[in-house]
Amino acid sequence: MQKAGSRNRRVTILRREGGRDAANEPLRAWEIVGKGWASIRYVSGVAAIKAGAEQEIAKASIRVPYRRDVAMGMRITRGLDTYVVDAVLPDEGRRQHVDLVCRLLSAREV
């Protein structure tokens, strides 16, 4: 079991709002699904070429208490940092936590 003290970062979980605007485009707004304590570990950093420019891509593992309403594509925010959820790895055996494989978004992507 993970000690409660290791979840020492307050995070907000967001999902894209459903619906469309007047031009029938998907809304770009995000709604809050929940808030809670998490642990955040950076597992890798990679330099990649994107649109002709080198960019750093930071991958993180974010562990939150067990919940079933987190899915790929959702976002996690902490302070000024925004992460996109690339994979959801629930602890189905003990149902104590969910590990989220995330990518830190750059200011342009937010």
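Details of the structure are given in the entry above.
All values reported here derive from a predicted model rather than from experimental measurement.

### Concerning the nonpolar core
Grouped together as the largest cluster of nonpolar side chains are 17 residues, with contacts concentrated most on Ile62, Val64, Ile76, Tyr83, Leu100 and Cys102. Going through the elements one at a time, β1 (9–16), β2 (30–50), β3 (53–65), β5 (81–90) and β6 (97–104) are the ones with two or more residues in this core. Sequence-distant contacts of Val64, defined by excluding residues within four places in its chain, comprise Arg7, Val11, Trp37, Ala38, Gln96, His97, Val98 and Leu100.

### Concerning the pairing of β5
Taken together, the four bridges between strand β4 (residues 75–78) and β5 define a ladder with antiparallel strand orientation. Within β5, the residue paired with Thr77 across the bridge is Thr82. With antiparallel pairing between neighbouring strands as the criterion, β4 and β5 make up a hairpin whose turn holds two residues, including Gly79 at a positive phi of roughly 60°. Two elements, β5 and β6, share seven bridges in a ladder whose sense is antiparallel. Its bridge partner lying in β6, Pro90 is registered against Val98. Taking the residues that link successive antiparallel strands as the turn, the β5-β6 hairpin has six residues, and the phi of Arg95 there is positive, at about 55°.

### A closer look at the environment of Asp86
Positionally, Asp86 belongs in strand β5. For Asp86, a relative accessible area of 23% translates into the label partly exposed. Sequence separation of Asp86 and Ala71 is 15 residues, and the distance between their C-alpha atoms is 8.5 Å. The residues touching Asp86, leaving out its near neighbours within four places in the chain, are Lys59, Met72, Val101, Cys102 and Arg103. Within the local environment of Asp86, its side chain forms a polar contact with the side chain of Lys59, the two groups lying 3.0 Å apart.

### A closer look at the pattern of salt bridges
This structure, assessed with the given rule, holds eight salt bridges. Two residues, Arg94 and Asp91, come together in a salt bridge whose shortest N-O distance is 4.0 Å. With relative accessibility at 51%, the residue Arg94 sits in the exposed group.

Thresholds applied
Residues numbered from 1 in each chain as written. Predicted model: local features only at pLDDT ≥ 70, side-chain atom pairs only at ≥ 80, totals over all residues. Heavy atoms only, no water. Core = buried A, V, L, I, M, F, W, Y, C linked by side-chain atoms within 4.5 Å. Buried < 20%, exposed > 50% of the residue type's maximum accessible area, 1.4 Å probe, protein only. Helix = DSSP H or I, 4+ residues; strand = E, 2+ residues; numbered from the N terminus. Contact = heavy atoms within 4.5 Å. Pairing = 2+ DSSP bridges. Polar contact = N/O pair within 3.5 Å; in protein donor to acceptor, adjacent residues only side chain to side chain. Salt bridge = Lys/Arg side-chain N within 4 Å of Asp/Glu carboxyl O.

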